[in-house]
Amino acid sequence: MTTTPPSAVTVYEVGARDGLQNESTTVPTADKLAFIARLVEAGLRTIEATSFVHPRWVPQLADAEGVLEGLDLNGSVSYPVLVPNERGLDRALAAGVKGIAIFGSATESFAQKNLNRSVAEQFDMFAPTVTRARAHGMDVRAYVSMCFGDPWEGSVPLGQVVDVGRRLFDLGATQLSIGDTLGLATPGRVHDLIEAFGATGLGPDDLAVHFHDTYGQALANSYAALEAGIRTFDASAGGLGGCPYAPGAAGNLATEDLVWMLDGLGIHSGVDVAHLARTSTWMAGLLGRPSTSRVVQALSAQDDEPTPGGTA
Ligand code: HMG
Ligand code: MG
């Protein structure tokens, strides 16, 4: 590592939202709550719980209110939720949510497909949502999607990503998450984009990274981000995930793969990787297919639990 390694980082767990939103088989609310409870037992402290989007757009998360009813929103675990607009914010406020995430697109095509808005119109939708959320004391994360490529438009100019990301953050967000929706990023590009955001005044403390693992690059990209100073990493238990409006998007970086690497580097995440892997194996059983995470596969094939090489 070229920069001084941090002693600890934040893992922002998206398994219950990004992980499940793309599943065609409906996961019962009780199973979602059991999943979240197990994530907490494994040590995760920031868990994106669900989405207050239009239920017709993401039927899997139509039970958002039911999920929130089953969570302790006043404890030590944060449960942010996705909210696209004021209608979603009203629902989140009624549910007692403390933090939301808006989700913008760097490209016109994905803005239309995912939000039924142009890039310019998305800001009009988000602006009052963010202002009201902040007035209620909420944390507001802003995602910027399609940062490294788009299924309809191909590669996306770095300046375009920085412009949209900066504008989303300037609406009043407390953090910007750099979204590699399709999993197209590679480490050099990750480094360049973080540097480009830095040149506009958005430093590592303002940023998080959100890598999908379609091409097997998500862990390498996370390491590049770590070297660039990032301290918040999105990941999904077992590598679940994908976006129903982004054809070709595979699952997120598996939380177990991330934590295995962090453990090996001696960087504290608070997550018990073996415990989490058992949860992902359990969820894989519910969904009827094995986890894509190499760490989950390796751990579930062994009776005793090895530790990552190089642990300090
Ligand atoms: P729209 O059809 O343009 O909505 O959808 P509208 O504003 O025209 O309203 C139409 C009707 O929907 C109205 O009802 C509204 O009240 C209702 P009516 O008056 O006709 O009876 N409505 C709602 N109902 C419940 N909850 C709401 C809501 N909003 C409006 N929040 C909209 C616009 C944004 C709602 C729609 O496009 C939508 O829900 N999109 C969500 C898509 C989505 O969830 N995609 C996946 C998440 S993004 C992602 O995964 C990427 C990420 O992981 C980062 C990365 O990987 O890059 C975050
Ligand atoms: Mg995503």
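What comes next concerns the included structure. In this text the structure is predicted, and so the values were computed from the model without any measurement. (Residues numbered from 1 in each chain as written. Chains lettered and ligands numbered in written order. Predicted model: local features only at pLDDT ≥ 70, side-chain atom pairs only at ≥ 80, totals over all residues. Heavy atoms only, no water.)

### With respect to the pairing of strand β8 (residues 207–211)
Moving on, step 1. Most of β8 is tucked away: 5 of the 5 residues are buried.
Moving on, step 2. Residues L207, V209 and F211 of β8 are buried on one face, and the alternating residues A208 and H210, pointing to the opposite face, are buried as well.
Moving on, step 3. In terms of handedness, the path from strand β7 (residues 175–180) via helix α8 (residues 187–199) over to β8 forms a crossover that is right-handed. (Buried < 20%, exposed > 50% of the residue type's maximum accessible area, 1.4 Å probe, protein only. Helix = DSSP H or I, 4+ residues; strand = E, 2+ residues; numbered from the N terminus. Right-handed = clockwise from strand over helix to strand, strands pointing away.)

### Digging into the pattern of salt bridges
Moving on, step 1. Summed over all chains, the structure comprises 9 salt bridges.
Moving on, step 2. Between K32 and D63 there is a salt bridge, with the nearest N and O atoms lying 2.8 Å from each other. In this pair, K32 is assigned in helix α2 (residues 29–41) and D63 in the loop between β3 (50–51) and α3 (64–69), connecting sequence segments 31 residues apart.
Moving on, step 3. The class of K32 is buried, set by a relative accessible area of 3%.
Moving on, step 4. Relative accessible area serves as the criterion here: at 17%, D63 is assigned to the buried category.
Moving on, step 5. Ionic pairing is found between E65 and R91, a salt bridge with its closest N-O pair at 2.9 Å. Of this pair, E65 sits in helix α3 while R91 is found in helix α4 (residues 86–95), placing the two residues 26 residues apart along the sequence.
Moving on, step 6. For E65, a relative accessible area of 32% translates into the label partly exposed.
Moving on, step 7. Classification of R91 by relative accessible area gives buried; the value is 13%.
Moving on, step 8. Residues joined by salt bridges that share partners form a network here, namely R17, D18 and E48. (Salt bridge = Lys/Arg side-chain N within 4 Å of Asp/Glu carboxyl O.)

### Focus: the packing of helix α7 (residues 158–170) against α8
Moving on, step 1. Their axes nearest at 10 Å, the elements α7 and α8 cross at an angle of 50 degrees. Comparing the axis directions of α7 and α8 gives the class oblique. The way α7 lies across α8 gives a crossing that is right-handed. Residues L158, V161, V162, G165 and R166 of α7 touch α8, and the partners they reach there are R189, D192, L193, A196 and F197.
Moving on, step 2. Looking at the contact of α7 with α8 residue by residue, the class counts come to 6 nonpolar, 1 polar and 3 charged. (Axes fitted to C-alpha atoms, helices over the stretch in contact; angles between N-to-C directions. Parallel < 35°, antiparallel > 145°, perpendicular 65-115°, else oblique. Left-handed = near helix turned anticlockwise from the far one by under 90°. Contact = heavy atoms within 4.5 Å. Nonpolar A, V, L, I, M, F, W, Y, C, P; charged D, E, K, R; others polar.)

### Notes on the packing of aromatic side chains
Within a pair of aromatic rings, the relevant descriptors are the distance that separates the centres and the angle that separates the planes.
Moving on, step 1. All chains considered together, the criterion is met by 2 aromatic pairs.
Moving on, step 2. When the centroid spacing of 5.2 Å and the interplanar angle of 45 degrees are considered together, the rings of W57 and Y245 count as tilted. Note that W57 is positioned in the loop between β3 and α3 and Y245 in the loop between β9 (232–235) and α10 (255–265), a separation of 188 residues in sequence.
Moving on, step 3. By relative accessible area, which is 23% here, Y245 ends up partly exposed. (Phe/Tyr/Trp six-rings, centres within 6.5 Å; stacked < 30°, edge-to-face > 60°.)

### Remarks on the layout of surface pockets
Empty space among the atoms can be located by rolling a probe the size of a water molecule over them.
Moving on, step 1. The space that makes up the largest pocket amounts to roughly 540 Å³.
Moving on, step 2. Forming the boundary of the largest pocket are 32 residues, of which V53, P84, F103, N114 and L115 lie nearest the centre.
Moving on, step 3. Going through the elements one at a time, α1 (15–21), α4, α5 (108–115) and β6 (139–145) are the ones with two or more residues in the lining of the largest pocket.
Moving on, step 4. Around the second largest pocket, the lining is made up of 19 residues, and of these Y12, T46, S78, P80 and D139 lie nearest the centre.
Moving on, step 5. Elements with a minimum of two residues in the lining of the second largest pocket: β1 (10–13), β5 (99–105) and β6.
Moving on, step 6. For the lining of the second largest pocket, the element with the highest residue contribution is β6, accounting for 3 residues.
Moving on, step 7. Of the residues contributing to the lining of the second largest pocket, the split by class is 7 nonpolar, 8 polar and 4 charged. (1 Å grid on protein atoms, 1.4 Å probe; cavity = no way out; pocket = protein on both sides within 12 Å on 5 of 7 lines; lining within 4 Å. Points joined across faces, edges and corners; volume = space filled by probe spheres on them.)

### Side note on the nonpolar core
Moving on, step 1. If you look at the biggest cluster of nonpolar residues, it comprises 94 residues, and the most contacted ones within it are V81, I100, L168, L176 and F197.
Moving on, step 2. The greatest single-element share of this core, amounting to 6 residues, is contributed by helix α6 (residues 119–135).
Moving on, step 3. Within the second largest apolar cluster, 6 residues are counted, among which are F110, M146, C243 and A249. (Core = buried A, V, L, I, M, F, W, Y, C linked by side-chain atoms within 4.5 Å.)

### Things to note about the site of ligand 1
Moving on, step 1. In the region of ligand 1, 28 residues are neighbours, and Q21, N85, R117, S145 and T181 sit closest.
Moving on, step 2. In the environment of ligand 1, an oxygen atom lies 3.0 Å from a nitrogen or oxygen atom belonging to the backbone of H54.
Moving on, step 3. Within the side chain of H210, a nitrogen or oxygen atom sits 3.0 Å from an oxygen atom of ligand 1.
Moving on, step 4. Taken atom by atom, the bulk of ligand 1 overlaps the largest pocket.
Moving on, step 5. Counting only elements with at least two residues in the shell around ligand 1, the list comes to α1, α4, α5 and β6.
Moving on, step 6. Considering only residue class, the shell around ligand 1 consists of 12 nonpolar, 11 polar and 5 charged. (Near = heavy atom within 4 Å. Polar contact = N/O pair within 3.5 Å; in protein donor to acceptor, adjacent residues only side chain to side chain. Sits in = over half its atoms within 2 Å of the grid points.)

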